[in-house]
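If you want the building blocks of each chain, they are given just below.
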Amino acid sequence: FPMVGSVVQPVVCPVLVGRTPQLAALETLIREVYSGRGQVVLLAGEAGIGKSRLVAETQAHFLAWQGAGEQVGRAITGHCYEPDRMLPYGPLIEVVRHLFSATRSRSEEEIAGELGAHATDLSPLLPELNSTAAGAAPPMDPAHEKRRLFEALGQALLRPVRPQVMTIEDLHWCDINSFEFLLYLARHIAGHPLLLMLTYRNDEVNPPLRDFLAALDREHLAVEMPLAGLAAEEVDALVRAIFPQRTPVRAEFLDLLCGLTEGNPFFLEEILKSLLAKGDIFYKDGRWDRKPLGALEVPRTVQSSVHKRTEQLSPDARRVLTLASVAGRQFTFSLLQKVTAQSADALLDNLKELISVQLLVEGDDEGFAFRHALTRQAVYGALLGRERRALHMVIADSIEQAGGASPDTHATELAYHFYEAGAWAKALLYTRLASEQATKLFAPQATVEQVSRAIEASIHLGRAPAPGLFRSRGQAYESLGDFEAAQGDYTLTLESARKADDRQAEWQSLFDLGFLWTGRDFSRASDYLQSALSMAHELGDPAILAQSLNRAGNWYANNEQPDMGRRLHEEALLIFTGMGDREGQASTLDLLGISRLMGGDLAASASAYSQAQALFRALDNKPGLASSLGPYSLRGGSYMTPTLVAPTASAEECRAEAGESVALMRATGQRGGEAFSLMYMALGLGARGSYARGIRAAEECIALAEEIGHPIVLAGGHFALGAIYSDLLAPEAAISHTRTALDMSRRTGSAFLICSSSSFHAWACIARRHYTEAALVLDAAFSADRRAETVPQRLVAAARVDLLLAQGKPQPALGMLEMLAGNSSSEERRPVVPWLWHRRAKALVALGDLPGAAALLQEASDGARAQEVPPLLWRIEADLGRVRHMCGERSAGAAHWTEARAIVERLAEEMIPPEIRATFLLQAGSLIPAATVPTPQRRAREAWGGLTARERDVARLIARGGSNRAIAATLVLSQRTVQVHVTNILSKLGFQSRVQIAAWVAEKGPAREDGAATK
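In this text the structure is predicted, and so the values were computed from the model without any measurement.

(A) Main features of the overall build of the protein chain. Helix and strand content of the protein chain: 48 helices and 12 strands. Of all 1015 residues assigned to the protein chain, the portion counted as buried reaches 55%. Surface summary for the protein chain: the accessible area is close to 42000 Å², and the carbon and sulfur share equals 53%.

Structural data, given as structure tokens:
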């Protein structure tokens, strides 16, 4: 092993050891990528475990892969650096610059031309594109700018048709905005030939990284490969590969190495290098040998290993290394030259010396970096505090002088170095600039860190921190879902405002605290919101008053007083309209929609939401639009509104609206809003039979709510999942979730949540015949002698109806159903509400009125089919079959049972959990009598094109020339129901007109089968 002076040549294992399973898995992913199917892989492990080495090996395999024909892959890498973790998009800037450096033969104009409109969008990250971008884009709100930037970056990375592997190293130092883009990229990678490799230290997982990993896990976007230390036999292989020898490493030495390093490859290489530097391992007589163990002094830490190696360096090189460690993991030649005052040639010689001993590596252009973060930390950690502060000051001054008239372009770097230098005046200046930049870039974690440093700098300067700093940090904490930290900062802001007798600032603090507490405790929220409303009246500012009215109105709506909430929202709407404030109008209409929804007026709610969405779209307010679309998607029917007349809205429309709401929430970084949207999605999807997607949405809602500590939406996610499991006839699973939802709801103090959770828990209890518990829960939520008016109150009444029917008490159940039906519409002829009609029919069956029950069930079936609610439809069809059978219409009854079984089978086709599917099929099958051999009469009816008995009646009346109005009068149906039958007939027979139906009936002849109801 040759020596160069006193410097040892690099000690790096020439082969990859111990990662065979991971490489095999990565080979499979490479094959997928070369087939056009993008993949995301996470490589996790402690520092030095070999993540970067495995990445390099994978890149080599990727570029050399032979299964791609003439396609040639490309590898690009971006790094996250500790000092830059508050610099938005740091690793992505490096990646895009690498892409451009790989195309140096093309001019910047050619590159900009290739990117098209995206060149302008990328110019904030790549200033060199400013001169070539085709004009500045019109100013937009930050969220829109952020979305455009994501689209531009995605275009740059995903558009290439040739396969590529993109690696982002050291996610534990990644900035929040880069996390958001990487999540965006992971969601769009599927159809592109890109392998995205992400490395991080799993023993240094910070909250932003934890949130990012949780999002990938929730959406099943990545394959994770945790890397452990090498086993003893693998350590042996590594040592023998470094020091070419065939014989195994001696046991005592191997045991010592394994004990000291725990199989960490970097530690092994560093220790071996240190031993070589000291001469404890030496090459003699053509072979490698070492000193006896008694004389062997193996370094106990990597830091001591690095120090022993640095002792071999020249004084100038050691000085350069020290300054480089203060500058950060990555640094430029020009910065080092400025702070060292060395000539270019002298500095190059020192850098070559440091590179030769594997302390540094050369990057693109004039950049350099430490070979490993641990190396930099070891050098930096050896400095005394006074030394570190002095060196940070030197670097900060150099960067500031280089920035000239535009120091804000390096605000993040300057804030870091001046803060570490203890130069508090400059630290305060630049941390405030950096925090403002982070806020504009929607980087709340960076905002928190910069504002915290600004507060500390103010204290060191003997100044009281500006109140605005605490509010800015509180808002950032609130965005991150850190309730306690946000509360603390808002409280400090309130105290400061009161001391300064700043009434408007006091109002703002009360407003902020009130809104914050609505996510935890509505009784606590009330105190702040009422105080804010009173102060708003005193201040006499219309905008402040309207905002306070809206927030108070929403509190009333959530506490089962939607009419009061509606009145306050309408008052706010008048104010905003008078001011010409379209944003205020849109937000107020959005809140008016939820208060109308909670009050049970779905049509008025849909109207308010529709108006709000038109304004939000015109204003390009994506967060507002996202907030509105979620609850709006419930208008066509959901678990929350079974007893109400639902406006016409197809299941596909509602699914699309719910999906858009979730996507917009994610795109604009609203984590709490995303959880709410997922809850709405689950409530709507489940009620319309999309069980797999509903379960997935509810589970994602729960996971996200747990991450951000949002008990309100967490309760909602649990009762949504409980409702779905009840629908799937899995009461034990349902009870587990509804009980959790009820417990959490009671802790929040939200009357809306308490009533809703109580209803779903009662239904789960009824399914298990736990009637006493169901009754106690319902009575505690809402008294039986009160008239149900709000949506949650109606849910309690609906659950009570099912409890009475289960207990064999049909008469009081009918009375309660009449009350619910009376609230459904003021029209003389009330429209069909399938759930209510179904329960009334069940009560009539219990009272012996089979004809009345049959008529109601038929109308309920028609309504459920028109409203696209198969979970309710199969139950109605099963009961209708039973009633027909009891009336002696056996063939008609069997037809309804066949239809019920077919619906159940279609519902079970979804990918719901296997054990739940099995239970559902078994339990549903027990509620539907088995199929019987069709009679000759049944076979004759089947010859009529599969039409139901009622559809055949309608077809005959069409053949006689009857209009929809006449048919409705004859069959005692609504015209809308007749039209549904006509549509079904045309669809089943493949006809286009009523004339074809009449001709077809004429061909069939006048014969009638048993059970026909034609008059």
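(B) Focus on the sheet that holds strand β12 (residues 367-370). Read across the sheet, 3 strands follow the order β10-β12-β11 without closing on themselves; strand pairing throughout is antiparallel. Only two strands of the sheet have a single partner each, and these edge strands are β10 (330-332) and β11 (360-362). Geometrically, the sheet is characterised by an average inter-axis angle of 30° between neighbouring strands, direction not taken into account. Across 3 bridges, β10 lies against β12 in antiparallel orientation.

(C) View of the sheet that holds strand β7 (residues 223-226). Here we have 5 strands laid out as an open sheet, ordered β4-β5-β6-β3-β7, and parallel in their pairing. Whereas interior strands pair on both sides, the edge strands pair on one side only; in this sheet they are β4 (74-79) and β7. Between one strand and the next, the sheet's axes are offset by a mean angle of 15°, whatever the strand orientation.

(D) Layout of the pairing of strand β6 (residues 194-200). With 7 of 7 residues buried, β6 lies mostly within the body of the structure. What you see with β6 is no split at all: L194, L196, L198 and Y200 on one side and L195, M197 and T199 on the other are buried throughout. As judged from the 6 bridges shared by strand β3 (residues 39-44) and β6, these two strands associate in the parallel manner. Following the sheet pairing, A44 is matched in β6 by Y200.

(E) Examining the pattern of salt bridges more closely. On inspection of all chains with the given rule, the structure shows 31 salt bridges. Two residues, E570 and R566, come together in a salt bridge whose shortest N-O distance is 3.3 Å. With E570 and R566 both in helix α26 (residues 562-579) and 4 residues apart, the pair spans about one turn of that helix. Of the charged contacts in the structure, one is a salt bridge between R635 and E657, with a shortest N-O distance of 2.5 Å. Here E657 lies in helix α30 (residues 651-667) and R635 lies in the loop between α29 (622-632) and α30, a separation of 22 residues in the sequence. For R635, a relative accessible area of 9% gives the class buried.

(F) Unusual backbone geometry, seen in detail. Phi is positive for A341, which is not a glycine, with a value near 60°. As for its placement among the helices and strands, A341 is situated in the loop between α14 (333-340) and α15 (344-356). Taking the relative accessible area as the measure of exposure, A341 reaches 69% and is therefore exposed. You will see that E868, though not glycine, has its phi angle at about 60°, which is positive. Here E868 shows up in the loop between α40 (850-866) and α41 (870-886). By relative accessible area, E868 is classed as partly exposed at 35%.

(G) Layout of the confidence of the model for the protein chain. On average, residues of the protein chain score 83 in pLDDT, and 86% of them reach the 70 mark or higher. Segment residues 295-300 is flagged for pLDDT under 50; beyond a separation of four residues in sequence, or across chains, it makes 19 contacts in the model. Within the model, the stretch residues 823-828 combines pLDDT values under 50 with 8 contacts to residues more than four positions away or in other chains.

(H) Main features of the packing of helix α25 (residues 542-558) against helix α27 (residues 582-599). The interhelical angle for the contact between α25 and α27, taken along N-to-C directions, is 15°, at an axis separation of 9 Å. Viewed along their axes, α25 and α27 adopt a mutual orientation that is roughly parallel. Where α25 crosses over α27, the two elements pack in a sense that is left-handed. Residues N550, N554, A557 and N558 of α25 lie in contact with α27, whose contacting residues are T588, L591, I594, S595 and M598. Classifying every residue of the contact of α25 with α27 by side-chain character gives 4 nonpolar, 5 polar and no charged.

(I) Looking closely at the side chain of K51. Tracing the sequence through the fold places K51 in helix α2 (residues 51-64). Within the buried set, K51 has no salt-bridge partner at all; the shortest N-O distance to an opposite charge, 5.4 Å, is to D170. Ignoring any residue separated from it by four or fewer positions in sequence, one finds K51 in contact with L43, A44, G45, E46, T199, Y200, R201 and L227.

(J) Fine view of the nonpolar core. In this structure, W874 and F920 are the most contacted members of the largest nonpolar core, which totals 145 residues. Leave out the neighbours within four places in its chain, and F920 touches D727, L728, L729, W874, V904, L907, A908 and G925. By size, the runner-up hydrophobic cluster in this structure holds 47 residues, among which are L313, L359, A396 and I399.

(K) Main features of the packing of aromatic side chains. What the rule picks out here adds up to 19 aromatic pairs. Aromatic side chains F676 and Y680 sit 6.4 Å apart centroid to centroid with 25° between the ring planes, which places their arrangement in the stacked category. Taken together, the residues F676 and Y680, both in helix α31 (residues 671-687) and 4 residues apart, mark about one turn of the helix. By relative accessible area, which is 15% here, Y680 ends up buried. Aromatic pair F760 and W763: ring centres 5.9 Å apart, planes at 45°, arrangement tilted. With F760 and W763 both in helix α35 (residues 751-767) and 3 residues apart, the pair spans about one turn of that helix. Here F760 falls in the buried class, since its relative accessible area comes to 4%. Residue classification places W763 among the buried residues on the basis of a relative accessible area of 17%. Joined through ring pairs, the aromatic side chains of Y89, F150, F181 and Y184 make up one cluster. Just above the ring of Y380 sits the side chain of R388; from NZ or CZ to the centre is 5.4 Å.

(L) Representation of helix α22 (residues 483-499) within the structure. Here α22 is 17 residues long and its end C-alpha atoms lie 24 Å apart, about the 24 Å a rise of 1.5 Å per residue gives. Among the residues of α22, F483, A486, D489, Y490, T493, L494 and A497 are the ones counted as buried. Here the buried residues of α22 occupy an arc of 145° about the axis, which is enough to place them on one side. Against α21 (467-480) and α23 (503-517) lie the buried residues of α22. Backbone geometry just downstream of α22 places D501 in the positive-phi region, at approximately 55°.

(M) Up close: the environment of F212. Relative to the helices and strands, F212 is located in helix α8 (residues 207-218). For F212, a relative accessible area of 4% gives the class buried. Expressed as a C-alpha distance, the spacing of F212 and L171, which sit 41 residues apart in the sequence, is 9.8 Å. Apart from the residues lying within four places of it in its own chain, the contact partners of F212 are L171, F179, L182, L183 and L198.

(N) Up close: the pairing of β3. Where burial is concerned, most of β3 is hidden: 6 out of the 6 residues are buried. Sheet analysis places β3 next to β7, joined by 4 bridges and oriented parallel. The residue of β7 that forms the bridge with A44 is P226.

(O) Representation of the packing of α22 against α23 within the structure. Orientation of α22 relative to α23, taken along the N-to-C sense of each, is 160°, at an axis distance of 8 Å. Classified by the angle between their axes, α22 and α23 sit roughly antiparallel to one another. Classified by chirality, the crossing of α23 by α22 is left-handed. Between α22 and α23, the residues in contact are F483, A486, Q487, Y490, T491, T493, L494, A497 and R498 and A505, E506, S509, L510, D512, L513, L516 and W517, respectively. Per-class residue counts for the contact of α22 with α23 are 10 nonpolar, 4 polar and 3 charged.

(P) A look at helix α24 (residues 522-539). With 18 residues, α24 ought to run about 26 Å at 1.5 Å a step, and its terminal C-alpha atoms sit 25 Å apart, in line with that. The secondary structure elements touched by the buried residues of α24 are α23, α25, α33 (711-727) and α34 (731-748).

(Q) Geometry of the environment of A784. Structurally, the position occupied by A784 is in the loop between α36 (771-781) and α37 (791-806). What makes A784 partly exposed here is its relative accessible area of 42%. Sequence-wise, A784 and A797 are 13 residues apart; in three dimensions their C-alpha atoms are separated by 7.5 Å. With sequence-adjacent residues up to four places away left out, A784 is seen in contact with R800 and M816.

Here is what the cut-offs are and how they apply
Residues numbered from 1 in each chain as written. Predicted model: local features only at pLDDT ≥ 70, side-chain atom pairs only at ≥ 80, totals over all residues. Heavy atoms only, no water. Helix = DSSP H or I, 4+ residues; strand = E, 2+ residues; numbered from the N terminus. Buried < 20%, exposed > 50% of the residue type's maximum accessible area, 1.4 Å probe, protein only. Areas by Shrake-Rupley, 256 points an atom, 1.4 Å probe, with all protein chains shown as cover. Pairing = 2+ DSSP bridges. Axes fitted to C-alpha atoms, helices over the stretch in contact; angles between N-to-C directions. Salt bridge = Lys/Arg side-chain N within 4 Å of Asp/Glu carboxyl O. pLDDT = per-residue confidence, 0-100. Contact = heavy atoms within 4.5 Å. Parallel < 35°, antiparallel > 145°, perpendicular 65-115°, else oblique. Left-handed = near helix turned anticlockwise from the far one by under 90°. Nonpolar A, V, L, I, M, F, W, Y, C, P; charged D, E, K, R; others polar. Lys, Arg positive; Asp, Glu negative; His and termini not counted. Core = buried A, V, L, I, M, F, W, Y, C linked by side-chain atoms within 4.5 Å. Phe/Tyr/Trp six-rings, centres within 6.5 Å; stacked < 30°, edge-to-face > 60°. Lys NZ or Arg CZ within 6 Å of the ring centre and 35° of its normal. Expected span 1.5 Å × (residues − 1). Arc of directions from axis to C-beta.

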